[in-house]
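Residue strings, one per chain:
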Amino acid sequence: MGSLPADVLIGILSRVPYKSICHFKCVSKPWLSLCSDPDVRKRCPQTLSGFFYSYRGRSKFHNLSGRGPPLVDPSLPFLSESYDCFTVEQCCGGVLLCKCWDSRHGGSEYDPDYVVCNPMTGQWAVLPTIVLKDEGDYLLCFELVDIFLGFDASVPSTFVVFVPLTNCLGQLTKMAIYSSETERWTMVQNEWGSEILVGNSECVFLNGTMHLVTHYATIVTVDVEGKVWREFDLPDHSPSSNSRPSICHSQGCLYAWQIDDDDDDVHLYIWVLEDHVNGKWTLKHTVAVSELFGRKRGEDDMSYTVFAMHPDCNYIFLTDEEEMAVSFDLDNQKLNVSCTFQEFQDALPYIPCFEEWSSDSH
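A brief structural summary. What you see is a predicted model; the values in this text were computed from it and never measured.

In the structure shown here, the tally under the stated rule is 16 aromatic pairs. Taking the centre distance of 4.9 Å and the plane angle of 65° together, the rings of F159 and W357 count as edge-to-face. With F159 in strand β10 (residues 159-166) and W357 in the segment after β25 (348-350), the pair connects residues that are 198 residues apart, well separated along the chain. One aromatic cluster is present, built from ring pairs that chain together F51, F307, Y315 and F317.

As structure tokens, then:
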């Protein structure tokens, strides 16, 4: 180690997973000093570390290992001077979208601020109101209702937010796109068609493009500049199923999953989008869910859901929404009971990011 310049060592270590860096600190005092360098921590690749979740109205954090104190302080103390109440609405990489209000000064959850923050750096920014001029040159203010957060850890200096805007008939007319780099909203004309409905929080930000699930079992996409618009079908193993496929991303790809409750068993189907040009899905995994949870086929009346897929491997996280949550390695079929369901109610996977974004935020 002594024969290499410090900047070269930092460059090498910045390509090593952060978990390994923590192990290296135990080698010797020089290694402890080197691996504690803030530049190493900021630049080394991160992976899934745990989950934000809500329990009895409070934000909590569950470490992926299931051990030790929470990696992140789920109370987000850097917000406490401005807000005494908040809910974590979305998590994208290392950045959170929170709905915040201050009840100490008459604030209400029905008239909140929407705040984007990084729990590891303490940076946060309030999204400004969307203001447009109508045909009569009057100013129109839009409430932030359907909001979709985009953040790419490979470009940690900025985040984006997408807000679909509708007219008085409920038709989607424009997309408002906010960039932390410019600190302003850009309005672009909707090119999906006015009948598209995307009123839910399910979204995936991948390769600079936002992917949204519609009410009609399709996926619509738009890039950060609002120039490239697409729509393609979700996979559907069982059109008669009451559950619509959901989306997530892992290993740089878009995935979809669907749980089908037939007469004999409950099955989970997982697809990957391998043909992006034609929007074609490939079925990758089929899992017998009842058997996974140790229940008899044909006698299982539980309601199951997948709440996360590991970003770096074929690892899924499921819950029966009543008793327990499990993780399952799709490659070696290894099962791990994570904890009770209560700790994974509305769980949001979290990947820490130690780099700061470049804006005049708090």
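Right, let's get into the sheet that holds strand β14 (residues 209-213). Strands sit in the order β13-β14-β15-β16 across an open sheet of 4 strands; the sheet is antiparallel. Lying at the two open borders of the sheet, with one neighbouring strand each, are β13 (203-206) and β16 (229-233). When strand polarity is set aside, the average angle formed by the axes of neighbouring strands in this sheet is 20°.

What follows concerns the side chain of T209. The residue T209 is located in strand β14 in this model. The contact partners of T209, leaving out residues within four places of it in the chain, are V204, T221, V222 and D223.

Time to look at the pattern of salt bridges. For the structure shown, the criterion picks out 4 salt bridges. The partner of K284 in a salt bridge is E274, with the nearest N and O atoms 3.8 Å apart. Taken as a pair, K284 in strand β20 (residues 280-288) and E274 in strand β19 (residues 266-275) lie far apart in primary sequence, 10 residues in all.

Moving on, we come to the sheet that holds strand β4 (residues 95-101). What the 4 strands build is an open sheet, ordered β3-β4-β5-β6; its pairing is antiparallel. In this open sheet, the two strands that pair with only one neighbour each are β3 (85-92) and β6 (123-126). In this sheet, neighbouring strand axes are inclined to one another by 25° on average, regardless of whether the strands run parallel or antiparallel. In terms of strand pairing, β4 meets strand β5 (residues 113-118) through 5 bridges, oriented antiparallel. Among the inter-strand pairings, L97 is bridged to a residue of β5, identified as V116.

On the secondary structure map, P70 appears in the loop between β2 (58-63) and β3. Along the backbone, P70 and G50 are 20 residues apart, and their C-alpha atoms lie at a distance of 8.5 Å. In this view, P70 contacts F61 and N63; residues no more than four positions away in its chain are not counted.

This part is about unusual backbone geometry. Most peptide bonds are trans, and most residues other than glycine sit at a negative phi. One non-glycine residue, R56, lies in positive phi territory at about 55°. Note that R56 resides in the loop between β1 (50-55) and β2.

Another aspect to go through is the nonpolar core. Among the nonpolar cores identified, the biggest contains 38 residues, and L127, F159 and V161 are the most heavily contacted of them. Here this core takes 6 residues from β10, the largest share from any one element. Setting aside residues no more than four positions away along its own chain, F159 makes contact with V116, A125, L127, L149, G150, F151, Y178, S179, S180 and W357. Core analysis: the next-biggest nonpolar cluster, separate from the first, contains 21 residues, Y255, I270, V272 and V306 among them.

Definitions and cut-offs
- Residues numbered from 1 in each chain as written.
- Predicted model: local features only at pLDDT ≥ 70, side-chain atom pairs only at ≥ 80, totals over all residues.
- Heavy atoms only, no water.
- Phe/Tyr/Trp six-rings, centres within 6.5 Å; stacked < 30°, edge-to-face > 60°.
- Helix = DSSP H or I, 4+ residues; strand = E, 2+ residues; numbered from the N terminus.
- Pairing = 2+ DSSP bridges.
- Axes fitted to C-alpha atoms, helices over the stretch in contact; angles between N-to-C directions.
- Contact = heavy atoms within 4.5 Å.
- Salt bridge = Lys/Arg side-chain N within 4 Å of Asp/Glu carboxyl O.
- Core = buried A, V, L, I, M, F, W, Y, C linked by side-chain atoms within 4.5 Å.
- Buried < 20%, exposed > 50% of the residue type's maximum accessible area, 1.4 Å probe, protein only.

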